[in-house]
Amino acid sequence: MLRLALKMLMGDRAKYAGLIFGITFTSFLVTFAFSYFCGFMTRGFALIAENPVANVWVMDPAVESPEQTINLPDSALNRVRSIEGVNAAWPLALSTAVARFPNGRFQPFQVICADDATLAGVPALKDGASPAMLRAPDAVIVDPGGTDGKLETPILKSDQWPSGEPHLNAPTRELAVGDELLINDRRVLIRARSDALPRYPPLPLLYTTFPNCARILLPEPHLLTFVLATAAPGVFPSDLAARIHDRTGLKARSSEDFKADTVRWFLINSEDVGDIAAMLSLAMSVGFGVTGVMLYMFTNESLKQYAVLKAMGASSRLLLTMILAQAGLCALLGTGLGLGLCGIVGQLAIDQANYPFRMMWFTPVVGAVMVLLVSLVAAAISARPVLKLEPGVVFAGR
Amino acid sequence: MESTHNAAAPEEQFAVQCRGVTKSYGTGDARVLALRGIDLDVRPGELLMLVGPSGCGKTTLISVITAILSQDSGNCEVLGRDLQAMNKKERTRFRGSSIGFVFQFFNLLPALNALENVSVPLLINGQSRGSAETRAREVLAEVDLGTRLRSLPAQLSGGQQQRVAISRALVHDPKLIVCDEPTSNLDHDTGRSVMTILRGIAKSPGRALIVVTHDPRIFEFADRIAHMDDGKIIDVVDGKNRERTQ
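This one's a predicted model, so the numbers in the text were calculated from it and none came from an experiment.

### Description of the overall build of chain A
Counting secondary structure elements, chain A contains eleven helices and eleven strands. Against the globule reference of 21 Å for 398 residues, chain A gives a C-alpha radius of gyration of 29 Å, more extended than a compact globule. Seen through its C-alpha atoms, chain A measures out along the principal axes to roughly 95 × 55 × 35 Å. Expressed as a percentage of the 398 residues in chain A, the buried residues total 50%. The contacts of chain A with a sequence gap of at least 6 include a subset with a gap of at least 24, amounting to 76%. Of the roughly 18000 Å² of accessible surface on chain A, a fraction of 60% belongs to carbon and sulfur atoms. When the 33 positive and 33 negative side-chain charges of chain A are each reduced to one mean point, those points stand 11 Å apart.

Below, the structure is given as structure tokens:
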């Protein structure tokens, strides 16, 4: 009978196609929305992901994410280095600075100060540039940091650093190696462009060394935001983090824990994330509504056929099994197509528009489970009139 | 109570034996008495036609006889089984194994071909697909549809569809077949050919047919005709000479 149930389903090609399309759409929408959300969150902890060598991040006890930080005393680096189980430790500082472009326009940047000894924390550079060039005075690396069209400088030399009025409307091109910026009245020279991970919220990035940071940033009492450490062989990062916290009183988190903290911080503190989550919830609700209504309508429109089967002695259990089989097949096909479509569209969105899309292992699983669940619930709801159906309706007089 | 059943010998077995069957719908002021004490016997090998105006209770009566509805009072034995004594599951199983249906609008499942449609009762009764299709093929051949096994209902004429429906009603060898207006959607000739088939079926040993109809052109195929009005059987006549049988 299950084979016949599936034939009944596929017999009405238009409805069947509509049902599959509806579930595919829902599956696509749910998984895409979820992957989009994961993409945002991943960008939120891009700084942590960008430093894969570091097992442990040490910071001020009040810091909960790289998004909102306060600096540590300079002594923190040596204190961490002195702890048993630390294989290596190096500093990393974050700051913000407003950079002026040669035409007079300006743009806030996140300034990332890397250890000048190891240059750890400097991302991969474009055009084969060597990170060592950062050691030159006033050398910086710039990166769009997930922004688009924010790093523009005048094409013509005559529009750069004009002596009179700024040339704000001069035609521009993208910043390139050799261009200059002005930060706190100090000129910096772009020595390379990087392929850093895009950030959330998007903000152009400027990498340089600690000595250069000290020169271009406004004077601060301390210039140390994080101490990054690697655990000695055989030492678990979480154990090392606990030990560092016990010995120094500073907050220390393993990389994975710090990523999780960051996601939590965004979920709690970012209004944008709340808006995105609300929008995604709405999209998911619409998708689920579409799936549920279509499945319900399909079963409802076949009531007469079920009445015939019931009159001929089909038990309620058999009819329920048939409906669940139909819903299950539609859900499986629709989910599969939706996930495939989501993967293709997501990859296109990444390639073409640098879209914050990240299909992690659990996003298709969650999407599929939710769509299957909704399909089964809708099937169960639509089965109710079938089970309540009085088979006498098949007679002409009824 | 008006008695409209045949005087039967005490040892006589009936395919259907109803005594004082009542059935109502709704409650309070909205209560409608659809059956008002029906007495009816149908013998094996008999084709009984049930006729009467719309709303007279024909459909309710066949719903009770086929264990689709429960009567409010009275007794109804079908193929020797007391329907009132059965629970819902048993009634469903009984219907599936012992009763065949032919509907006015054929009610074939549109997505299934003739062979699959005819297999359905056997599959419902738990037979394997292979044996169900073998038997369905045989029955379809008997009604001259052996060459249209893979045709969908939409690809068949009205008469062919009704023959598929008859095959479906017969395939599991039920002892009672209930036909609801089997010829009302067919032209005269096709209707007669369908009735000829049904008449032949009724003559099979131990099998009885109840045909609900408005179509006077087919009365000649009946062994007896029971006239219903206002929830009662008012008259039962012989199908051939139209003489009252009780």
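This is not the end of the story, as more comes after the structure.
### With respect to the interface of chain B and chain A
Each partner contributes residues to the interface: chain B has 29 residues there, and chain A has 25 residues. Taken together, the two surfaces of chain B and chain A that pack against each other cover about 2400 Å², and 68% of this comes from carbon and sulfur. Sorting the residues of chain B by area buried against chain A places Ile68(B), Leu109(B) and Ile124(B) first, and these three jointly supply 21% of that buried surface. Summed over the shared surface of chain B and chain A, the result is three salt bridges. One salt bridge connects Lys7(A) with Glu116(B), and the closest N-O pair in it is separated by 2.8 Å. Considering every element that reaches the side of chain B that touches chain A, the biggest residue donor is helix α3 (residues 114-124) of chain B, with five residues. Counted by class, the side of chain B that touches chain A contains 14 nonpolar, eight polar and seven charged residues.

### Description of the side chain of Gln161(B)
All names here are of chain B. Looking at where Gln161 falls in the secondary structure, it is placed in helix α5 (residues 158-170). Residue Gln161 is classed as buried on the basis of its relative accessible area of 16%. Each residue touching Gln161, except ones within four places of it in the same chain, is listed here: Phe106, Leu108, Pro153 and Leu156.

### Some thoughts on the nonpolar core
If you look at the biggest cluster of nonpolar residues, it comprises 128 residues, and the most contacted ones within it are Leu309(A), Leu40(B), Met49(B) and Ile65(B). Top contributing element to this core by residue count: helix α2 (residues 13-44) of chain A, with ten residues. Counting residues domain by domain, this core receives three or more from each of domain 1 (2-43 + 271-394) and domain 2 (48-269) of chain A. Every residue in contact with Met49(B), bar those within four places of it in the chain, is listed here: Met195(B), Val211(B), Thr213(B), Ile218(B), Phe219(B), Phe221(B), Ala222(B), Arg224(B), Ile225(B) and Ala226(B).

### Observations concerning the state of the cysteines
Here, the word disulfide means a covalent bond between the sulfur atoms of two cysteines. Scanning the entire structure with this criterion turns up one disulfide over all chains. Linked covalently through their sulfurs, Cys113(A) and Cys213(A) form a disulfide whose S-S length is 2.1 Å. On the sign convention where negative means left-handed, the S-S torsion of about -100 degrees between Cys113(A) and Cys213(A) marks this disulfide as left-handed. Here Cys113(A), found in strand β3 (residues 106-114), pairs with Cys213(A), found in helix α5 (residues 210-216); they are 100 residues apart in sequence, far enough to count as distant. Of the two residues, Cys113(A) and Cys213(A), neither departs from the other in class, the shared state being buried. Cysteine Cys179(B) shares no disulfide, and the gap to the nearest cysteine sulfur, in Cys18(B), comes to 17 Å.

### Details of the packing of aromatic side chains
All names here are of chain A. Overall, the coordinates contain 15 aromatic pairs over all chains when judged by the stated rule. Each ring, one from Phe32 and one from Phe357, has its centre 5.0 Å from the other, and the planes form 40 degrees; the classification is tilted. Here Phe32, found in helix α2, pairs with Phe357, found in the loop between α10 (316-353) and α11 (362-388); they are 325 residues apart in sequence, far enough to count as distant. Of the two residues, Phe32 and Phe357, neither departs from the other in class, the shared state being buried. With 6.5 Å between their ring centres and 45 degrees between their planes, Phe101 and Phe109 make a pair best called tilted. By the burial criterion, Phe101 is buried, and Phe109 matches it. Note that Arg187 overlies the ring of Trp161, its terminal NZ or CZ placed 4.8 Å from the centroid.

What counts as what
- Residues numbered from 1 in each chain as written.
- Chains lettered and ligands numbered in written order.
- Predicted model: local features only at pLDDT ≥ 70, side-chain atom pairs only at ≥ 80, totals over all residues.
- Heavy atoms only, no water.
- Helix = DSSP H or I, 4+ residues; strand = E, 2+ residues; numbered from the N terminus.
- Rg over C-alpha atoms; globule rule 2.2 N^0.38 Å.
- Buried < 20%, exposed > 50% of the residue type's maximum accessible area, 1.4 Å probe, protein only.
- Contact = heavy atoms within 4.5 Å.
- Areas by Shrake-Rupley, 256 points an atom, 1.4 Å probe, with all protein chains shown as cover.
- Lys, Arg positive; Asp, Glu negative; His and termini not counted.
- Charge placed at Lys NZ, Arg CZ, Asp CG, Glu CD.
- Buried area = accessible area lost by both parts, 1.4 Å probe.
- Salt bridge = Lys/Arg side-chain N within 4 Å of Asp/Glu carboxyl O.
- Nonpolar A, V, L, I, M, F, W, Y, C, P; charged D, E, K, R; others polar.
- Core = buried A, V, L, I, M, F, W, Y, C linked by side-chain atoms within 4.5 Å.
- Domains from an automatic or database assignment.
- Disulfide = S-S within 2.5 Å.
- Phe/Tyr/Trp six-rings, centres within 6.5 Å; stacked < 30°, edge-to-face > 60°.
- Lys NZ or Arg CZ within 6 Å of the ring centre and 35° of its normal.

What is shown is where atoms sit, not what they do.
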